[in-house]
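# What the coordinates show
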Amino acid sequence: GGPASLSRFRGSLVAAVLGDCVGGEFEGAEEVPMESVLQHLSSLDDESKGNGILEYSDDTAMARCVVQSLLTRAGFDERDMARRFAKEYSASPGRGYGSGVIQVLKKLSSPQLSDVYQPARDQFNGRGSFGNGGAMRAAPFALAFPDLADVKRFARLGAMLTHSCSLGYNGAVLQALAVHLSLQGALDLPQQFISRLITEMEEVEGNEATRNDARILKEAEKPFCERLHRVQDLMDRSKVSIEEVISELGNGIAALHSVPTAIFCVLHCLQPRECLPEKYGGLERTITYSLALGGDTDTIACMAGAIAGAHYGIEAIPQTWIKCCEGAEDADMNAERLHMLYHQS
Ligand code: 8NA
Ligand code: MG
Ligand code: MG
């Protein structure tokens, strides 16, 4: 489809759910052999096995809250979004939330709370969380707002409801930017795509809060820009091993160690790769490759899925995968509503 077509919206929201559901199998595993990933995925194609449903985790649970809030309020409303996060958590606390964020979600359910950003600020002795929990639910901001400045602003504010460290919320901004650009067809020119992300993040990270957090955590002055340069270097190489990707970019629960990784997965899988089945299209390659990195597999595959899905569109997603994943059909319907909201504004 053309830029911002319905197929791209559907692809993005559905593939994010697939990444989460399919990736749950390997979450936290240090090493994931490609063989195990391929076995897991081919079992989804085998209907006779009747594998039933793969459940979604915190990534999708929170993204659904973001989507419902943006649609119901026809824009960003922090109080409404915070209320939905809290309600969702108390209804299904067993979705695999990060151990820190649970405190925030409990505080957000208090009716006496006057500042919905305060519980997030109190995390980790006032330093805030740098986890990828803001980034894992950032894609819907790119699907709701056509304007780049809105995408950046609301992705940041939406993340700050739980992640007040700049290394947390800037990861969400980067993820939303990647989905935004992919939706426009920017992945047709991968070199320009990554350059554009770096240019945008130079501005996003060019402030005192980022410099302070980076200094305290002993990171480069602009941590995400530095990582995106590493992505650029890895892209230029003809052969890259999974071990190198993990050591250069990471596969962990910090936004800094997972959002650039997800972006790399998408870029690396734009073309066929020796380690991946020939019959696979780009979207299948992206999800598969993300899982083979191990670590925070559900979240990295969820984020890579959102970016890749916006590029390839819904037609690239195997029906058998959609049928196995809880929440995939809902995501498809919500994508249509977001598409309408996006084109109204
Ligand atoms: P979070 O805000 O609780 O952060 C996740 C973790 O990161 C915390 O529990 C801390 O260990 C650490 N952390 C974050 N900020 C700081 C800080 N300033 N100082 C010291 N430590 C810090 O949760 P989240 O919403 O960001 O979730 C992140 C990931 O954890 C998600 O992938 C989610 O699925 C979850 N999770 C991951 C695994 C896994 O094995 N990879 C397992 C269960 C849950
Ligand atoms: Mg999860
Ligand atoms: Mg995770």
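In this report, the structure presented in the accompanying data block is examined.

Parameters at a glance
- Sequence order as written defines the numbering, with residues in each chain counted from 1.
- As they are written, the chains are lettered A onward and the ligands numbered 1 onward, keeping that order.
- Side-chain atom pairs in this predicted model are given and counted only at pLDDT of 80 or more, local residue features only at pLDDT of at least 70, and totals for whole chains, interfaces and linings cover all residues.
- Derived side-chain values reflect all non-hydrogen atoms in the structure, with water molecules and hydrogen atoms excluded from consideration.
- Only the six-membered ring of Trp is used, alongside the rings of Phe and Tyr, when aromatic pairs are assigned; centres must lie within 6.5 Å, and planes under 30 degrees apart are stacked while those over 60 apart are edge-to-face, with the rest tilted.
- Remark: exposure states derive from per-residue accessible area (1.4 Å probe, protein chains only) relative to the maximum for the residue type, with buried under 20%, exposed over 50%, and partly exposed in between.
- Here the coordinating atoms are restricted to nitrogen, oxygen and sulfur within 2.8 Å of the metal centre, or 3.2 Å for Na, K and Ca, and because water is not among them the sites may look incomplete.
- Helical segments are the DSSP runs of H or I of at least four residues, strand segments are the runs of E of at least two, and each set is numbered from the N terminus.
- Expected span, for any helix, means 1.5 Å times one less than how many residues it has.
- For the purposes of this section, nonpolar cores are sets of buried Ala, Val, Leu, Ile, Met, Phe, Trp, Tyr and Cys residues that join through side-chain atoms within 4.5 Å.
- By the convention used here, residues are in contact when the closest approach between their heavy atoms is within 4.5 Å.
- Distances are taken per atom, and a residue is near a molecule or strand as soon as one of its heavy atoms is within 4 Å of it.
- Polar contact criterion, stated in full: a pair of N or O atoms within 3.5 Å, where within protein one must be able to donate a hydrogen and the other to accept it, and residues adjacent in sequence count only if both atoms are side-chain atoms.
- Per-residue accessibility takes into account occlusion by the displayed protein chains alone, with areas from the Shrake-Rupley method and a 1.4 Å probe.
- Charged means Asp, Glu, Lys or Arg here, nonpolar means Ala, Val, Leu, Ile, Met, Phe, Trp, Tyr, Cys or Pro, and polar covers whatever is left, Gly included.
- Any carboxyl oxygen of Asp or Glu within 4 Å of a side-chain nitrogen of Lys or Arg constitutes a salt bridge here.

### Regarding the packing of aromatic side chains
Summed over all chains, the structure comprises six aromatic pairs. Taking the centre distance of 4.7 Å and the plane angle of 35 degrees together, the rings of Phe145 and Phe154 count as tilted. A relative accessible area of 9% places Phe145 in the buried class. These aromatic residues form a ring-pair network of at least three members: Phe76, Phe141, Phe145 and Phe154.

### Brief notes about the coordination of the magnesium ion (ligand 2)
At this site the magnesium ion (ligand 2) is bound by Ser57 (OG), Asp58 (OD), Asp59 (OD) and Asp298 (OD), with donor distances of 2.0 to 2.3 Å. If you list the donors of the magnesium ion (ligand 2) from N- to C-terminus, the spacing comes out as S-D-D-x238-D. Separating the magnesium ion (ligand 2) and the magnesium ion (ligand 3) is a distance of 3.3 Å, and Asp298 donates to both of them.

### With respect to unusual backbone geometry
The phi angle at Phe124 is positive, at roughly 50 degrees, despite the residue not being glycine. Phi angles above zero are rare outside glycine, and Lys218 is one such case at about 55 degrees. You can see Lys218 is positioned in the loop between α12 (208-216) and α13 (223-235). Overall, Lys218 belongs to the exposed group, its relative accessible area being 75%.

### Points about helix α10 (residues 166-183)
Between its first and last C-alpha atoms α10 spans 25 Å; for 18 residues at 1.5 Å apiece the expected length is 26 Å, and the two agree. Of all 18 residues in α10, 18 are buried; the element is thus mostly enclosed. The positive-phi residue at the C-terminal boundary of α10 is Gly185, with phi of around 90 degrees.

### Looking at the nonpolar core
With 122 residues, the main nonpolar core has Phe76, Phe141, Phe193, Leu197 and Ile263 as its most contacted residues. Counting residues per element, this core draws most heavily on α10, which supplies eleven residues. Other than its neighbours up to four places away in sequence, Leu197 contacts Leu174, Leu177, Ala178, Leu181, Leu228 and Ile263.

### Concerning the coordination of the magnesium ion (ligand 3)
Within the protein, Glu27 (OE), Asp296 (OD), Asp298 (OD) and Thr299 (OG1) serve as the donor atoms for the magnesium ion (ligand 3), at 2.1 to 2.6 Å. Along the chain, the residues that donate to the magnesium ion (ligand 3) are spaced as E-x268-D-x1-D-T.

### Overview of the site of ligand 1
Gly100, Ser129, His163, Asp296 and Thr299 are the nearest of the 21 residues found near ligand 1. Take Phe130: an N or O atom from its main chain is 3.0 Å from a nitrogen atom of ligand 1. One of the backbone nitrogen or oxygen atoms of Gly133 is found 2.9 Å away from an oxygen atom of ligand 1. For ligand 1, whose accessible area on its own is 830 Å², the fraction buried by protein is 78%. Here the shell around ligand 1 is composed, by residue class, of five nonpolar, twelve polar and four charged.

### Some thoughts on the environment of Tyr169
Here Tyr169 shows up in helix α10. Sequence separation between Tyr169 and Gly134 is 35 residues, and the spatial gap between their C-alpha atoms is 6.1 Å. Setting aside anything within four residues of it in sequence, one finds Tyr169 in contact with Arg156, Ala159, Met160, His163, Ser164 and Ala209.

### Some remarks on the pattern of salt bridges
All told, the structure shown has 16 salt bridges when counted by the stated rule. One salt bridge connects Asp80 with Arg83, and the closest N-O pair in it is separated by 3.8 Å. With a gap of three residues between them, Asp80 and Arg83 both fall in helix α4 (residues 78-91), about one helical turn apart. What makes Asp80 buried here is its relative accessible area of 8%. You can call Arg83 exposed: its relative accessible area is 52%. A salt bridge links Glu203 to Lys152; its shortest N-O distance comes to 2.8 Å. Remark: Lys152 occurs in helix α9 (residues 148-160) and Glu203 occurs in helix α11 (residues 190-204); sequence separation between them is 51 residues. Looking at Glu203, the relative accessible area reads 53%, which means it is exposed. What makes Lys152 buried here is its relative accessible area of 14%. What you see here is one network of salt bridges that share partners, running through Lys152, Arg196, Glu200 and Glu203.

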